[in-house]
Amino acid sequence: MSSIKPFDEKVFVTRPLLPSLQEIAQELNEIWEARWLTNMGDKHQLLEERIAKYLKVPSLSLFNNGTIALIVACQSLRLSGEVITTPFTFAASPHVLSWNNIRPTFCDIDPKSMNIDPERIESLITPKTTGILAVHVFGTPCDVAKIQEIADRYGLKVVYDAAHAFGVEIDDKGIGCFGDITMFSFHATKLFHTAEGGALSYGGSVLKNRIDLLKNFGIKNEDEVVMPGINGKMNEIQAALGLVVLKYVDEERNNRNAIKDIYISNLKDIEGVTLLEREISVKDSCQYFPIRIDERKFGRSRDYVHDKFKEYNVFTRKYFYPLCSDYSCYRQLPSAHPSNLPVARQVVKEVLVLPYYGRLPAEHAVRICEILKSFRSPCSFGDNAEVDHLSLKN
Ligand code: T4K
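The text that follows walks through the structure, step by step, so that each part is easy to find. Per-chain numbering applies: the sequence of each chain, read as written, is numbered from 1 onward. Side-chain atom pairs in this predicted model are given and counted only at pLDDT of 80 or more, local residue features only at pLDDT of at least 70, and totals for whole chains, interfaces and linings cover all residues. With hydrogens and water stripped out, all remaining heavy atoms of the structure feed into the side-chain values.

**Some thoughts on the pairing of strand 8 (residues 181-185)**
Here is the key point about a regular strand: its side chains alternate between the two faces of the sheet.
Now for step 1: Relative accessibility under 20% of the residue-type maximum defines a buried residue, over 50% an exposed one, and the middle range a partly exposed one, all with a 1.4 Å probe and only protein chains included. Put simply, DSSP marks the helices as runs of H or I at least four residues long and the strands as runs of E at least two long, and each gets a number from the N terminus on. Buried residues dominate strand 8, accounting for five of its five residues.
Now for step 2: Side chains Ile181, Met183 and Ser185 of strand 8 all project onto a buried face; the interleaved residues Thr182 and Phe184 project onto the opposite face, where all are buried too.
Now for step 3: Sheet analysis places strand 5 (residues 157-161) next to strand 8, joined by three bridges and oriented parallel. Along strand 8, the bridge assignment pairs valine 159 with isoleucine 181.
Now for step 4: A pair of strands is treated as paired once DSSP finds two or more bridges between them. Sheet analysis places strand 8 next to strand 9 (residues 198-202), joined by five bridges and oriented antiparallel. Paired with phenylalanine 184 across the two strands is alanine 199, which belongs to strand 9.

**Structural notes on the packing of helix 3 (residues 66-76) against helix 4 (residues 92-99)**
Now for step 1: Axis lines are fitted to C-alpha atoms, over the contacting stretch for helices. Their N-to-C directions set the angle, which ranges from 0 to 180 degrees. Close contact between helix 3 and helix 4 brings their axes to 9 Å; oriented N to C, the two are set at 45°. Between helix 3 and helix 4, the interaxial angle falls into the category oblique. You can see that helix 3 and helix 4 cross each other, and the crossing is right-handed. Residues Thr67, Leu70, Ile71 and Cys74 of helix 3 lie in contact with helix 4, whose contacting residues are Ala92, Ser93, Val96, Leu97 and Trp99.
Now for step 2: Grouping the amino acids of the contact of helix 3 with helix 4 by side-chain chemistry returns seven nonpolar, two polar and no charged. Roughly parallel means an angle under 35 degrees; roughly antiparallel means over 145; roughly perpendicular covers 65 to 115; every other angle is labelled oblique. Each crossing gets its hand from how the near helix is turned against the far one by less than a right angle, where anticlockwise is left-handed and clockwise is right-handed. Contacts are assigned to residue pairs that have any heavy atoms within 4.5 Å of one another. Following the grouping adopted for this structure description, the nonpolar residues are Ala, Val, Leu, Ile, Met, Phe, Trp, Tyr, Cys and Pro, the charged ones are Asp, Glu, Lys and Arg, and the polar ones are all others, Gly among them.

**Re the state of the cysteines**
Two cysteines whose sulfur atoms are joined by a covalent bond form what is called a disulfide.
Now for step 1: The disulfide criterion used throughout: a pair of cysteine sulfur atoms within 2.5 Å. Enumeration according to the criterion identifies zero disulfides in this entry.
Now for step 2: Cysteine 286 takes part in no disulfide bond, and the closest cysteine sulfur, belonging to cysteine 369, lies 16 Å away.

**Thoughts on the sheet that holds strand 15 (residues 351-354)**
Now for step 1: Strand order in this open sheet of three strands is 12-14-15, and the pairing throughout is antiparallel. The open sheet is flanked by strand 12 (273-275) and strand 15, the only strands paired with a single partner. On average, adjacent strands in this sheet sit at an angle of 35° to one another, irrespective of strand direction.
Now for step 2: Strand direction decides the pairing type here: strand 12 and strand 14 (residues 289-293), joined by three bridges, are antiparallel. Opposite valine 273, over in strand 14, you have isoleucine 293 as the bridge partner.
Now for step 3: Relative to the sheet, helix 11 (residues 342-350) contacts strand 14 and strand 15, its axis offset from that of strand 15 by approximately 40°.

**A word on the site of the ligand**
Now for step 1: Around the ligand there are 27 residues in total, and Arg15, Thr67, Asp161, Ser185 and Tyr319 lie nearest to it.
Now for step 2: Serine 185 places a side-chain nitrogen or oxygen 2.7 Å from an oxygen atom of the ligand.
Now for step 3: Each accessible area is a Shrake-Rupley estimate made with a 1.4 Å probe; only the visible protein chains count as cover when residues are assessed. Calculation on the ligand without its partners gives an accessible area of 930 Å², and the protein chains cover 77% of this total.
Now for step 4: At the level of elements, helix 3, helix 4 and strand 8 are the ones that each hand at least two residues to the shell around the ligand.
Now for step 5: Taken together, the residues that form the shell around the ligand break down as 12 nonpolar, 11 polar and four charged. For each residue, the test is whether any non-hydrogen atom lies within 4 Å of the molecule or strand; if one does, the residue is near. Throughout this description, a polar contact denotes any pair of N or O atoms lying within 3.5 Å of each other; where both atoms belong to protein, one of them has to be capable of donating a hydrogen while the other can accept it, and for residues adjacent in sequence the pair is counted only when both atoms sit in side chains.

In structure tokens:
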């Protein structure tokens, strides 16, 4: 171990933004007075309006979590058969397809953005394909123009999983304005959160009506239940938390931007470490700070670095290892065959997500960079000399 001191306390990949208890208590008082706990109360309605405004989307529906929101998105668009998606994502993305009896078709990813590669989508379309479920991984927007062009040509629906992309904008346009439906997650680990929670955004009011019915058992009124819905409602306590957290999201983003600057200036010139490039036209969600480790140039593998960091009390994450296409429930699918997904297989061996949250002290960020640099072993060919590295830098 180097002379750099381990942290006294565990440093996690993220910590939730928590406003003062007094502020939360004030909101809770109002709920107690109203004796209204769920089923689209005042807090729910207010948060829905405020988030739609913040995200610059015409319309939005709140949910109890992002996964249920995504399940409802598929239902509301009547997706069926096969849907093309990425293997490099959190388990929820392909699982929502399975919960809708849809077969995921895994498509390889772009080596730079790590998002679904639009160039490879077309060859995967079959007569059973009804949609594309694309993920803005780590908050980097997918190639929305190309994806839409393909979807229009084949009559496919497009659902975006923007779990990591709260507040992302492309040329000042909210990320939730693209495709047919976009899902946001408000899980505790997200920049904006309601402990658990999520939302769907979409263009028109027709979809809102259907989605709001689907998230409330399909109940239209006292006399009519018009479709087999589910319970996807966000409750008033979640909404109250969200109303307070929303006030501090910009401050949190600014604090994260400061940490990001420290990471970039300390890590940009390390041989074997690649940082995510952001387009100038894109407003960053500041959700994650992923790096890529090229074992041959860094002299150590991503797994070595991940494990070694623990000795310093730093808990990085290997998001999104293993690839979804390697899960036992999906690996038998023809599209999941390793030969179809060479880029994703390489990327998933390289990505490491560093601790990144507003209250991470600047000195911690500097020390994390120093620790990472101390792992480098420039003379060696890595702890796995057999690694077959694709050039992913373009
Ligand atoms: N699509 C994508 C692309 C997603 O990434 C996700 C969720 C979804 C869909 C589904 O949305 P939701 O249904 O969740 O709304 C976490 C989150 O649970 C999950 O929401 C998130 N993606 C995923 C990327 O990360 P884990 O298994 O990494 O969580 P966990 O418990 O290990 O937490 C990570 C770190 O965060 C901990 O080491 C410490 C810190 N933490 C966590 C919690 C829960 C806290 O400090 N406080 C907390 O309360 O999945």
